[in-house]
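# Summary of the model geometry
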Amino acid sequence: MKKIGFLSFGHWSPSPQSGTRSGADALLQSIDLAVAAEELGADGAYYRVHHFARQLASPFPLLAAAGAKTRRIELGTAVIDMRYENPLYMAEDAGAADLIAGGRLQLGISRGSPEQVIDGWRHFGYVPEEGRSDADMARRHSEIFLDLLRGEGFAQPNPRPMFPNPPGLLRLEPFSAGLRERIWWGAATDATAVWAAKLGMNLQSSTLKFDESGEPLHVQQAKQIRAYRAAWKEAGHTREPRVSVSRSIFALVNDMDRAYFGGSEGEDHFGYIEPEKRAVFGRTYAAEPDKLVEQLKADEAIAEADTLLLTVPNQLGVDYNAHVIESILKHVAPALGWR
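Residues numbered from 1 in each chain as written. Predicted model: local features only at pLDDT ≥ 70, side-chain atom pairs only at ≥ 80, totals over all residues. Heavy atoms only, no water.

### Side note on helix H2 (residues 59–69)
Every α-helix winds through 3.6 residues per turn, so residues three or four apart in the chain are directed the same way. What counts here: Categorising residues by exposure relies on relative accessible area from a 1.4 Å probe, with only protein chains included: less than 20% of the type maximum marks a residue as buried, more than 50% marks it as exposed, and the intermediate range marks it as partly exposed. Helix numbers and strand numbers start at the N terminus; a helix is a DSSP run of H or I with at least 4 residues, a strand a run of E with at least 2. Contacts between residues were defined by any pair of non-hydrogen atoms, one from each residue, lying within 4.5 Å.
Along H2, the residues that are buried comprise Pro59, Phe60, Leu62, Leu63, Ala64, Ala66 and Gly67. Summarising the contacts, the buried residues of H2 are in contact with helix H1 (23–40), strand E2 (44–47), strand E3 (74–81), helix H3 (87–100) and strand E4 (105–110).

As structure tokens, this is what we get:
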């Protein structure tokens, strides 16, 4: 059994060929797709976060709105770029959104991906400490954020407050109990997956990772997941961790599916996502359901994970993306024992 959700990058374009032509379209359609996915029986609605781009950026208003319009489905990110985040303000936003959603947030955080602008985090007022990298800064912001989510007081109260205070040091409010255990780290390497395990974060592995062996993506991801689980056990955490992988999967069940995805290449690609950092980019799975089932059986990383996120072409509209999700839930998942 697996949890199955969707992952949207929330692109928009003014092109007449796009079904998502503005930021308002991207946000409102993202909420509508969460509602539709819940009605179909999917388990999660996840959103990417990119700055300085015609894509979804500030996640918490979206998560709160989707939380208010749904009742069961998990709502998450994959991922929030922690180079840009004030951990204290983020803890308040996350707590509020999680309470609105009734404790359903699953927040993926990470160092983030290559940007639209040079060192965009500097425009947000963040600069790495001397001798540290932007990745170090992201991990430090993450550690502060995780500590805040424990809900322990740390701020000295004013002796003459405007409103009465509870006794002791004060924490940030609103506080949402349990959110600390629903934080995920998007790991592009084995080492950061191990680091995430030590800190008690769940693991997200995307449709790409830095190439560490020359092997196919699913093989490298499976090794990453096993290293993560070993580090989790060694750290002595008492709960079971969760692990998700993202995939582009399309069941070709009608002429529209075949027109959009029938010519998709079925192999991984290697390239450079950043200078001197070779990455492996995962294949697109697109075939008739029976063939798709056989292909997915061979994906070692999906087998290792408990959660599968389906990347969706959001500019094709809510109805078509709901169809993409339904096709997997109906024609593929049962044959693989995921449902």
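### Concerning the packing of aromatic side chains
Basically, it comes down to this: For Phe, Tyr and Trp, where Trp contributes only its six-membered ring, two rings pair if their centres lie within 6.5 Å, and the inter-plane angle classes them as stacked under 30 degrees, edge-to-face over 60, or tilted in between. Two limits define a charge over a ring: the Lys NZ or Arg CZ must be within 6 Å of the ring centre, and within 35 degrees of the ring normal.
Applying the stated rule across the entire model yields 8 aromatic pairs. With 6.1 Å between their ring centres and 55° between their planes, Tyr260 and Phe261 make a pair best called tilted. Residues Tyr260 and Tyr320 carry aromatic rings whose centres are separated by 5.2 Å and whose planes lie at 65° to one another, so their mutual orientation is edge-to-face. Placement of the pair is Tyr260 in helix H8 (residues 255–261) and Tyr320 in helix H11 (residues 318–332), with a sequence separation of 60 residues. Look at Tyr260 and you get partly exposed, because its relative accessible area is 44%. We classify Tyr320 as buried; its relative accessible area is 7%. Of the aromatic side chains, those joined through ring pairs into one cluster are Phe250, Tyr260, Phe261 and Tyr320. Here the guanidinium or amino end of Arg48 rests over the ring plane of Phe9, the centre of that ring lying 5.9 Å away.

### Considering the pairing of E4
The line we're drawing: For two strands to pair, DSSP has to find at least two bridges joining them. Crossover handedness is defined here as right-handed if the route from the first strand over the helix to the second strand goes clockwise, with the strands pointing away from the viewer.
With 6 of 6 residues buried, E4 is to be regarded as a mostly interior element. Because side chains alternate across E4, one face comprises the buried residues Leu105, Leu107 and Ile109, and the other comprises Gln106, Gly108 and Ser110, equally buried. Summarising the sheet, E3 and E4 pair through 5 bridges and their orientation is parallel. Residue pairing across strands places Thr77 opposite Leu107, the latter belonging to E4. Taken together, E3, H3 and E4 form a β-α-β motif whose crossover is right-handed. The pairing of E4 with strand E5 (residues 183–186) spans 3 bridges and is parallel. Its bridge partner lying in E5, Leu107 is registered against Ile183.

Keep in mind these numbers describe shape, not what the thing actually does.
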